[in-house]
Amino acid sequence: MSSKFKVNSELLAVSGLWSVIRKILIFMLITHCSLPTVWAHGGEDHADEKKPTITTGAKTAASVARDERNLPTDVGQFNAKLMRSPADPRTGELVQMAVQLGEKVEGGFGKGDPVPLEGANVTLTVTTADGKNVANNLPATFENGFYRADYTFNSAGNYKIVFNATTADKRSFSVDFPVTATAAPTNWYFWLGTLLLAAVSLGAVGWVFLSVGKSGNKVGRVRGIIPFAIAALLFFAFGTFALAYIAPPTERRAAVNFVPSGDAAQAETPGNALTTSLLVPKESQVLFGIKTAQVETRKITSGLKVTGVVRARPDGHAVVVPPVAGRIVLRQNLTIGSVVGRGEQIGSVEQILDVAGQVGLETQRLDVEAQQRDVEARKLELRNTALALQGQQAQQRAAVSQARTRLAQAERELSRSQNLVAVGAVPRKRVEEATTTVEVTQQEVAAAEQQVKLLDTQIKAAQTGQTIFRAPQVRQPTRSFPLTAPLTGIVNQINVTSGSQVEPATQVLTISNLASVLLEANVFERDLPTVRESSRASFTSPALPDETYQINGQDSRLLTVGQTVNEQTRTVPIVYEVKNPLQRLREGNFVEITIDTSGDRKVLAVPKASVVNEQGQTFVFVFTGGENFEKRPVALGAEGADFYEVKSGLKEGDRIVTTGVYQLRTTQPAT
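These notes cover the structure that comes with them.

Rules behind the numbers
Residues numbered from 1 in each chain as written. Predicted model: local features only at pLDDT ≥ 70, side-chain atom pairs only at ≥ 80, totals over all residues. Heavy atoms only, no water. Pairing = 2+ DSSP bridges. Helix = DSSP H or I, 4+ residues; strand = E, 2+ residues; numbered from the N terminus. Axes fitted to C-alpha atoms, helices over the stretch in contact; angles between N-to-C directions. Patch = residues over 30% accessible without salt bridge, like charges linked within 9 Å, V, L, I, M, F, W, Y side chains within 5 Å. Areas by Shrake-Rupley, 256 points an atom, 1.4 Å probe, with all protein chains shown as cover. Salt bridge = Lys/Arg side-chain N within 4 Å of Asp/Glu carboxyl O. Phe/Tyr/Trp six-rings, centres within 6.5 Å; stacked < 30°, edge-to-face > 60°. Lys NZ or Arg CZ within 6 Å of the ring centre and 35° of its normal. Core = buried A, V, L, I, M, F, W, Y, C linked by side-chain atoms within 4.5 Å. Buried < 20%, exposed > 50% of the residue type's maximum accessible area, 1.4 Å probe, protein only. Contact = heavy atoms within 4.5 Å.

### Describing the sheet that holds strand β13 (residues 172–181)
Part 1: As summarised here, the arrangement of the 4 strands in space is β9-β8-β12-β13, forming an open sheet in which the pairing is antiparallel. Lying at the two open borders of the sheet, with one neighbouring strand each, are β9 (133–139) and β13. When the angles between neighbouring strand axes are averaged without regard to direction, this sheet yields 20°.
Part 2: Bridge analysis of strand β8 (residues 121–128) against strand β12 (residues 157–166) gives 8 bridges, and the strand direction is antiparallel. Bridge pairing links valine 122 to alanine 165 in β12.

### Points about a nonpolar patch on the surface
Part 1: A contiguous nonpolar patch, built from Trp188, Trp191 and Leu192 and spanning about 400 Å² of accessible area, is present on the exposed surface.
Part 2: Here tryptophan 188 is to be found in helix α2 (residues 188–212).

### Quick notes on the packing of aromatic side chains
Part 1: Counted under the stated rule, the structure contains 7 aromatic pairs.
Part 2: Between phenylalanine 78 and phenylalanine 173 the ring centres are 4.0 Å apart and the planes differ by 15°, which places this aromatic pair in the stacked class. Within this pair, whereas phenylalanine 78 is found in strand β5 (residues 76–85), its partner phenylalanine 173 is found in strand β13, the two being separated by 95 residues in sequence.
Part 3: Taken together, Tyr151, Phe153 and Tyr159 form an aromatic cluster joined through their ring pairs.
Part 4: Just above the ring of tyrosine 644 sits the side chain of lysine 608; from NZ or CZ to the centre is 5.5 Å.

### Side note on the nonpolar core
Part 1: Within the largest apolar cluster, 52 residues are counted, with the highest numbers of intra-cluster contacts made by Leu101, Phe153, Phe163, Leu519, Tyr576 and Ile593.
Part 2: Tallying contributions element by element places β13 first for this core, with 5 residues.
Part 3: Once residues within four sequence positions are removed from consideration, leucine 101 is found in contact with Asn79, Ala80, Val115, Pro116, Leu117, Val122, Tyr147, Ala165 and Phe173.
Part 4: Among the nonpolar cores identified, the runner-up in size contains 18 residues, and Val349, Ala485, Val496 and Ile511 belong to it.

### Some details on the pattern of salt bridges
Part 1: For the coordinates displayed, the defined rule picks out 19 salt bridges.
Part 2: Here glutamate 444 makes a salt bridge to arginine 406, at a shortest N to O gap of 2.8 Å. A residue pair is termed long-range when its members are at least 10 positions apart, and glutamate 444 in helix α7 (residues 428–468) and arginine 406 in helix α6 (residues 355–423) qualify at 38 residues.
Part 3: A salt bridge links arginine 632 to glutamate 630; its shortest N-O distance comes to 2.8 Å.
Part 4: You can call arginine 632 buried: its relative accessible area is 17%.
Part 5: Within the structure, one salt-bridge network assembled from shared partners comprises Arg313, Asp315, Arg557 and Glu577.

Fair warning: the whole summary comes from geometry, so function is off the table for now.
Listed below in structure tokens is the structure:
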């Protein structure tokens, strides 16, 4: 019975495990097939609007980015049109790139349109934003008028895609396009599914363990659990593999074959695209927030585009270091972002003497103590002298008192003798004797008083001598040195804390003054004439979206052009100086600089916000009056900071849609 029960239990467990596996696979298949993915439209969010969807499983459709460069060089006027998929590349994802190269030839060829360059040798180089090579000389294949190359970014960051071309007649030029790679987002379906598979596997093993454990035989329990543990492990491995195939750990997107071929290549030209009429009621126009503007002739800044980095000026960056080794004490409330002025004290360094200094200090202390003993002995001597003089002065004061008493007695005797002489009671000689006695006594009083004054002077001299002799002071074992700010600016880094020991070479803190900054970029050596001849440029930065800044040669200017060509990249550094009064540009910001090569030429131009790219075709929406709009194809020329040059499809005075373009894109054509 027990053997039969064991076999039945095993069969029941196997059948139960297979039932669970089958249910999970069915659930995963249903979940996978029910995940619709919408084709991307330039990164916009259209979740609330009705549009067709394409089911691609765990892969989302990738969008296509387009860019164009005009390259006026000393060997010709070239044009490059880039198509890249996906538009927002991610790490570990294959990026497909195709560039169409053309040359603008004077003399009526193609009415000024670029003549395609065929048979050129084109390679791809990938560098970081600051010019460090990542990949060199990747071959590009020619296909239907496009030079195509693929690359996979291994890490997120800002990069430059550089196409190096050599024409059939041995003319060389390069064109670069900026690109930003981001980290691929996590696919939580995979991890949730993995967690579910682990829970089911462990649950099945635990259930079988409890079922077999009722026999009470440990050896039998172990032997009975091993097959189920192996089965659960295989189930988990197979399920994880299947889940990784259906829903990968990171989100994947379907690659778009964006390289035109056959009829599609011909359909890209505006002449072959059809104008579509749209009917939009007035209420919908208000709801969509549609705004229009007239097409005007204007000057646009277009030309050579390069990427660069914001740097602080050499005199706008300072490092504070202590003059001596010691204990650092920073000013209270000094933090990153604090504003300090030039010469302002920001802390101090308390120097502690070393062994040699301590020995010298001890020798000094002994000398000082000897001097102090000498001073004290001299003071004691003067004190004794003063006391002796004070005793003599007391005796002289007593002598003065006695002399004055005798003088008073002699004066009374003189007065009595004069009275007796007047009556003839005594002889006149007695008066003369009394007079002599008075005079002698007066002299004794005067001499005694003079002696008292002399002793008083000597006593004061002795007492003054006691205050003149002072003992020297012992030098303290520490000295304090102030730390001052070398320039006016903002504290952007603090490397030490108050109370820590520092050496003379320690960088205590750094101060930056970004009122004026430098833009450092690299241009190819063949573009140097363009850079030298152009005094104007513009730049944008991801840190300042939707803002364009002009370099006009006044408040901002071309500061210097490097004198050395990089042997690997064949580039030369250039530096622009721009004002930054609000300090919105920060050191290390990525910028894209457009060097103006258009001069004072004015062209018919439309805002970039009004241009629509669909399936390789370029359109604008033209307001024709009332409730009528037209989706009209246009041919674009030079690219400015905010505008595109229009070569055909529009005329001056046409009113185009600048706001609400997307709403018109989703509107059905009029029938």
